[in-house]
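Now for the letters of each chain:
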Amino acid sequence: MTELAEFGECTRTLHAGATSAKLLKTPGPVVQRGSTVLMPTAEALYDATQTTYGRGGLATHKALCETLSELEHAERTFIYPSGLAAITGVLQALTGAGDHILVSDAAYNPTRRFLDGTLARFGVRATYYDPTATAEEIAALIEPETRLIYMESPASLTFEMQDIPAIAAMARARNLITVVDNTWAAGVLFKPLDHGVDVSIQALTKYVCGHSDVFMGSAAASGRVVERLARSSYEIGWAVSPDDAYLALRGLRTLHSRLTHHGASALKVAQWLQDQPEVASVLCPALPSFAGHDLWRRDFTGLCGLFGAILKPVDRSRVDAMVESLQLFGLGYSWGGFESLALPCDPQLVPRLASGRLDGPLLRLHIGLEGADDLIADLRRGLDSLTA
Ligand SMILES: Cc1ncc(COP(=O)(O)O)c(C=O)c1O
């Protein structure tokens, strides 16, 4: 205060309180907001080894990225303003005009929209492979221009499992980059980088943030791709609010406990569902009856709350009425929050090639943190309404 006494009130109002006293220690990091970073010397303004502008990430972002790197066993983690931005950012960073990439036919639909739209306009071609293809079958699709193999396992909506270690090894032997959308595993249940994958992407919007109220994405990487991801983030200008970064970090602190609960309830509901007469099959990797079960058991340490169920053939209007009648399951996109959701999915399968053909309507369930028995009772009432 005394240093400012010689200035007018307007100047004193601008500069008082600007230099923080030593911060008290709290369990969470500070939420550091700032576009301008005040540098100690004129020389430091042009020192490329320092953060000279807030977009490069301040204290809260650094705390989040370090924690995500710890979780994903990564050298570095980059954050983006949504899960989709992480996907598009990584694909843009790692490909260029004339390149060809191989993509699971059962990847998250907006990934495909980006590939067939923006990336195609920039001269990158995509070929979609069957989501159950083996490493050898994918290798047979490699062209001289192929640069990258994009995986998602379990797949979006239909949950096919891929042999990621085998595909990553095959790709490395051919100097191809591999990228996995690891959102289902939340960085916890599967560690792509330990299996030779170059980049593990997550929509942090789902389990990491965990409360259906924040958008964010991450790309965890090691080795040959790190520099390119860093350069591209710098050039494109991805930035995340420090308040959102704080919320993501707060979500990470309870991630393992929440996932344990989601997984246990999901298994109970999935086991119950497969015995219901209205259900043709349950698409849940933890069920021995599921085609990808052996790969899941070999590579994953657990289950999250997301799985699918194929109903016995019934009119779409009946399925719509069923999901509208559920009391505890909300009707909406996304997943990974504390709450349960039910989603009829058939319209989303339309862009797919072979993997889009199913014997009955597909329902995707997100099992939240409610009591599993309450959820089962709600689903039973809903199934009753299918044939009422
Ligand atoms: C598997 C998967 N990846 C990525 C995303 C995109 O995340 P966001 O909604 O944060 O853009 C989603 C969203 O539903 C998803 O399900």
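What you see is a predicted model, and the numbers here were worked out from it, not measured in a lab.

Basis of the calculations
- Residues numbered from 1 in each chain as written.
- Predicted model: local features only at pLDDT ≥ 70, side-chain atom pairs only at ≥ 80, totals over all residues.
- Heavy atoms only, no water.
- Axes fitted to C-alpha atoms, helices over the stretch in contact; angles between N-to-C directions.
- Helix = DSSP H or I, 4+ residues; strand = E, 2+ residues; numbered from the N terminus.
- Parallel < 35°, antiparallel > 145°, perpendicular 65-115°, else oblique.
- Left-handed = near helix turned anticlockwise from the far one by under 90°.
- Contact = heavy atoms within 4.5 Å.
- Nonpolar A, V, L, I, M, F, W, Y, C, P; charged D, E, K, R; others polar.
- Pairing = 2+ DSSP bridges.
- Buried < 20%, exposed > 50% of the residue type's maximum accessible area, 1.4 Å probe, protein only.
- Salt bridge = Lys/Arg side-chain N within 4 Å of Asp/Glu carboxyl O.
- Near = heavy atom within 4 Å.
- Polar contact = N/O pair within 3.5 Å; in protein donor to acceptor, adjacent residues only side chain to side chain.
- Areas by Shrake-Rupley, 256 points an atom, 1.4 Å probe, with all protein chains shown as cover.
- 1 Å grid on protein atoms, 1.4 Å probe; cavity = no way out; pocket = protein on both sides within 12 Å on 5 of 7 lines; lining within 4 Å.
- Sits in = over half its atoms within 2 Å of the grid points.
- Domains from an automatic or database assignment.
- Buried area = accessible area lost by both parts, 1.4 Å probe.

### Considerations on the packing of helix α3 (residues 83–94) against helix α4 (residues 109–121)
Alright, step 1. Relative orientation of the contacting elements α3 and α4 amounts to 40 degrees, with a least axis distance of 10 Å. One finds that α3 runs oblique with respect to α4. α3 and α4 meet at a crossing whose hand is right-handed. Side by side, α3 and α4 meet where Leu-84, Ile-87, Thr-88, Leu-91 and Gln-92 of the first sit next to Pro-110, Thr-111, Phe-114, Leu-115 and Leu-119 of the second.
Alright, step 2. For the contact of α3 with α4, the residue count by class is seven nonpolar, three polar and no charged.

### Focus: the sheet that holds strand β5 (residues 177–181)
Alright, step 1. The strand order across the open sheet built from seven strands is β1-β7-β6-β5-β4-β2-β3, with neighbouring strands paired in mixed fashion. Across the chains shown, the open sheet's two edge strands, defined by having one partner strand only, are β1 (76–80) and β3 (125–129). On average, each strand axis in the sheet is inclined to that of its neighbour by 20 degrees, with strand direction left out of account.
Alright, step 2. Examined bridge by bridge, strand β2 (residues 100–104) and β3 share five bridges and lie parallel to one another. Counterpart to Ile-101 in the pairing with β3 is Ala-126.
Alright, step 3. Across the sheet, α4 touches β2, β3 and β4 (146–152), and the angle it forms with β3 is around 145 degrees.
Alright, step 4. Relative to β1, helix α7 (residues 226–236) is tilted by about 30 degrees, and along the sheet it contacts β1, β5, β6 (199–203) and β7 (217–221).

### Things to note about the side chain of Ser-265
Alright, step 1. Mapped onto the elements, Ser-265 comes out in helix α8 (residues 242–273).
Alright, step 2. Setting aside chain neighbours within four positions, we find Ser-265 in contact with Ile-367, Gly-368, Glu-370 and Ala-372.

### Some thoughts on the pairing of β2
Alright, step 1. Burial analysis of β2 places five of its five residues in the buried class, which makes it a mostly covered element.
Alright, step 2. Of the two faces of β2, the one carrying His-100, Leu-102 and Ser-104 and the one carrying Ile-101 and Val-103 are both buried.
Alright, step 3. Strand direction decides the pairing type here: β2 and β4, joined by four bridges, are parallel. In the strand pairing of β4, Val-103 is matched with Tyr-150.

### Quick look at the pattern of salt bridges
Alright, step 1. For the structure shown, the criterion picks out 16 salt bridges.
Alright, step 2. Residue Glu-143 pairs with Arg-125 through a salt bridge whose shortest N-O separation is 2.7 Å. Taken together, the residues span a long stretch of sequence, with Glu-143 in the loop between α5 (135–139) and β4 and Arg-125 in strand β3 at a distance of 18 residues.
Alright, step 3. Relative accessible area serves as the criterion here: at 27%, Glu-143 is assigned to the partly exposed category.
Alright, step 4. Take Arg-125: its relative accessible area is 40%, and that puts it in the partly exposed class.
Alright, step 5. One network of salt bridges, in which partners are shared, links Arg-125, Glu-143 and Glu-145.

### A word on the site of the ligand
Alright, step 1. Residues in close proximity to the ligand total 14 residues, the closest being Gly-83, Leu-84, Asp-181, Thr-205 and Lys-206.
Alright, step 2. Between the ligand and the protein, one listed contact pairs an oxygen atom with a backbone N or O atom of Gly-83 at 2.8 Å.
Alright, step 3. Summarising the interface, the protein chains cover 91% of the accessible area of the ligand, which totals 390 Å² for the free molecule.
Alright, step 4. At a threshold of 2 Å from the grid points, most atoms of the ligand map onto the second largest pocket.
Alright, step 5. Looking at the shell around the ligand element by element, the count peaks at three residues for α3.
Alright, step 6. Taken together, the residues that form the shell around the ligand break down as six nonpolar, five polar and three charged.

### A word on the domain arrangement of the protein
Alright, step 1. Domain annotation of the protein identifies domain 1 (57–250) and domain 2 (254–387).
Alright, step 2. On a C-alpha basis, the centres of domain 1 and domain 2 stand 25 Å from each other.
Alright, step 3. With 37 residues of domain 1 in contact, the opposing surface of domain 2 contributes 41 residues.
Alright, step 4. Here domain 1 packs against domain 2, burying approximately 3,200 Å² in sum over the two surfaces, 63% of which is carbon and sulfur.
Alright, step 5. Looking only at domain 1, the three residues that lose the most surface to domain 2 are Leu-157, Trp-184 and Tyr-207, adding up to 26% of its buried area.
Alright, step 6. Joining domain 1 to domain 2, the criterion identifies one salt bridge.
Alright, step 7. Seen at the junction of domain 1 and domain 2, the total is 15 residue pairs in polar contact (both at pLDDT 80 or more).

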